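# What the coordinates show
Here is how the chains run, residue by residue.
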Amino acid sequence: MRLGLLSAIAALCFGVAFHGPAQAAGKIKVTWIGHATFEVVSPGGTTLLLDPFITKNPKAPAAMKDLSRYKPDAILVTHSHFDHTADAQAIATASGAKVVGASDHVRSFELAKGQDLRGNPGGKVKVGDVTIHFVPAMHSSTPGGRPVGFVLEFADGRTLYDTGDTGIFGDMSLIQEIHKPNIILLQAGGGPFNQDPEIAALAIKKFFKPDVIVPMHYGTFPILAGAAEVEKALGGDKRVKIMQPGDTAEF
Ligand SMILES: [Zn+2]
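The model shown is predicted, which means the values in this text are computed figures rather than measured ones.

### Structural notes on unusual backbone geometry
Here the amide bond leading from T142 into P143 is cis, since omega sits at -5 degrees, within 30 degrees of zero. Tracing the backbone through its elements, the reader meets P143 in the loop between strand 8 (130–136) and strand 9 (148–153). Of note in the backbone geometry, D51 takes a positive phi value of approximately 45 degrees without being a glycine. Positionally, D51 belongs in the loop between strand 3 (47–50) and strand 4 (74–77). A residue is classified by how many C-beta atoms lie within 10 Å of it, and D51, with 30 of them, is buried. For H217, which is not glycine, the phi dihedral falls at a positive 65 degrees. Looking at the element boundaries, H217 is found in the loop between strand 12 (212–216) and helix 7 (227–234).

### What to know about the sheet that holds strand 5 (residues 98–102)
Ordered by their spatial adjacency, seven strands build an open sheet running 6-5-4-3-2-1-13, and the pairing between neighbours is mixed. The open sheet is flanked by strand 6 (116–119) and strand 13 (248–250), the only strands paired with a single partner. Geometrically, the sheet is characterised by an average inter-axis angle of 20 degrees between neighbouring strands, direction not taken into account. By the bridge criterion, three bridges tie strand 3 to strand 4 in an arrangement that is parallel. By the bridge assignment for strand 4, L50 is matched with L76. Those strands touched by helix 3 (residues 88–95) are strand 3, strand 4 and strand 5, and its axis lies near 165 degrees from that of strand 4.

### Looking at the packing of helix 6 (residues 197–207) against helix 7
Two numbers describe how helix 6 lies on helix 7: the axes approach to 8 Å, and their chain directions differ by 30 degrees. By the criterion of interaxial angle, the relationship of helix 6 to helix 7 is roughly parallel. Once helix 6 is placed against helix 7, the crossing between them reads as right-handed. The segment helix 6 lies against helix 7, with P197, E198, A200 and A201 engaging E229, V230, A233 and L234. Classifying every residue of the contact of helix 6 with helix 7 gives six nonpolar, no polar and two charged.

### Brief notes about the sheet that holds strand 12
Read from one edge of the open sheet, six strands run 7-8-9-10-11-12, paired in mixed fashion. Two strands bound the open sheet, and with one partner strand each, they are strand 7 (124–127) and strand 12. Strand-to-strand twist across the sheet, computed as the mean angle between neighbouring axes with direction ignored, equals 20 degrees. Pairing of strand 7 with strand 8, which is carried by four bridges, proceeds in the antiparallel orientation. Note on strand 8: the bridge partner recorded for V125 is I132. Together, strand 8, strand 9 and strand 10 (159–162) form the strand contacts of helix 5 (residues 172–179), whose direction differs from that of strand 10 by roughly 160 degrees.

### Here we look at the pairing of strand 1 (residues 29–34)
By the bridge criterion, five bridges tie strand 1 to strand 2 (residues 37–41) in an arrangement that is antiparallel. Each residue of the ladder has a partner; that of G34, found in strand 2, is T37. Connecting the antiparallel pair strand 1 and strand 2 is a turn made up of two residues, with H35 showing a positive phi of about 60 degrees.

### Concerning the nonpolar core
Counting residues in hydrophobic clusters, the biggest one holds 63 residues, and the most contacted among them are V40, L48, I75, L76, V99, L152 and L186. Those residues within four positions of L76 in sequence are excluded, and the remaining contacts are L48, L50, V100, G101, I132 and F150.

Rules behind the numbers
- Residues numbered from 1 in each chain as written.
- Predicted model: local features only at pLDDT ≥ 70, side-chain atom pairs only at ≥ 80, totals over all residues.
- Helix = DSSP H or I, 4+ residues; strand = E, 2+ residues; numbered from the N terminus.
- Buried ≥ 20, exposed ≤ 12 C-beta atoms within 10 Å, placed from the backbone.
- Pairing = 2+ DSSP bridges.
- Axes fitted to C-alpha atoms, helices over the stretch in contact; angles between N-to-C directions.
- Contact = placed C-beta atoms within 7 Å.
- Parallel < 35°, antiparallel > 145°, perpendicular 65-115°, else oblique.
- Left-handed = near helix turned anticlockwise from the far one by under 90°.
- Nonpolar A, V, L, I, M, F, W, Y, C, P; charged D, E, K, R; others polar.
- Core = buried A, V, L, I, M, F, W, Y, C linked by C-beta atoms within 7 Å.

Dropping the structure here:
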C-alpha cells in the first residue's frame, strides 16, 4: 500500500517533469527567431533565449516581435553587438530573466541583485536543468570585454554548441574534445566579420562530430551570405538542418 502510494507519487512527479503538454518527452526544442536569435527549451522545461535581436530583426516573423511573449529563465548574450543584444535589456527588465554572458559585458546591463550570471571561457553556470559552459569565440565585443560562445549541457548528457559570431579557430578542437556537441548552431554569415559558409563547413569537417548542424546568422542583411550560398556550402551534409525563421525543431 505504502509502496503503491510512493510509486503513484513518483509517476506523478515523473509525469509532470517529462510529459508536460508543451514538450515532447526528452526532447530539446529549438526555435529560430531569425539571425542569431534562438529560443531553446530543455527536456526539463528550462527556457533559454539566445542573442535576442527581435523587434528590429528583418527576419523575425511579425508574430514573434511582441516582446511580452518572452519569459525565459535566462537570456544568453554572446557579445555586445546590436544584432545580438538589441532586446536583451528590455526582456530582462520585463521578465526578470537572468542574463548570462561574458563578465564585463553583463556588467553593462541594468539588472536586479542576483539577476546576472557572469562568466568567462572555461567557466560554467547553471540555469534550471541546463549547465551553460562559456567557450571562446574569435570576434570582437565593444563595449563588453570579449566575445564568447556557449555550450548548453542538458540533464541527459547531450550538448548544444552556439558558436556565436566567430571565424574558424584551432581551439575548436578542444571544444569538441571537452564538450562533444551533439547540436551545433553554426555561424555561417560570411562577409567582413564572420567565417564564410565554406569555412563554416570546414570547421565542422575538421573539428566536430555533431548529429545536427543548424546554420545561422545569414541572409539578414545584404552584407551577409545568402541562403543559396549556405545551401551550396553545407547542404550536401545530411546532418545539416536548414531552418526558416519561426521554425521549431525538436531533437
Ligand atoms: Zn552578429
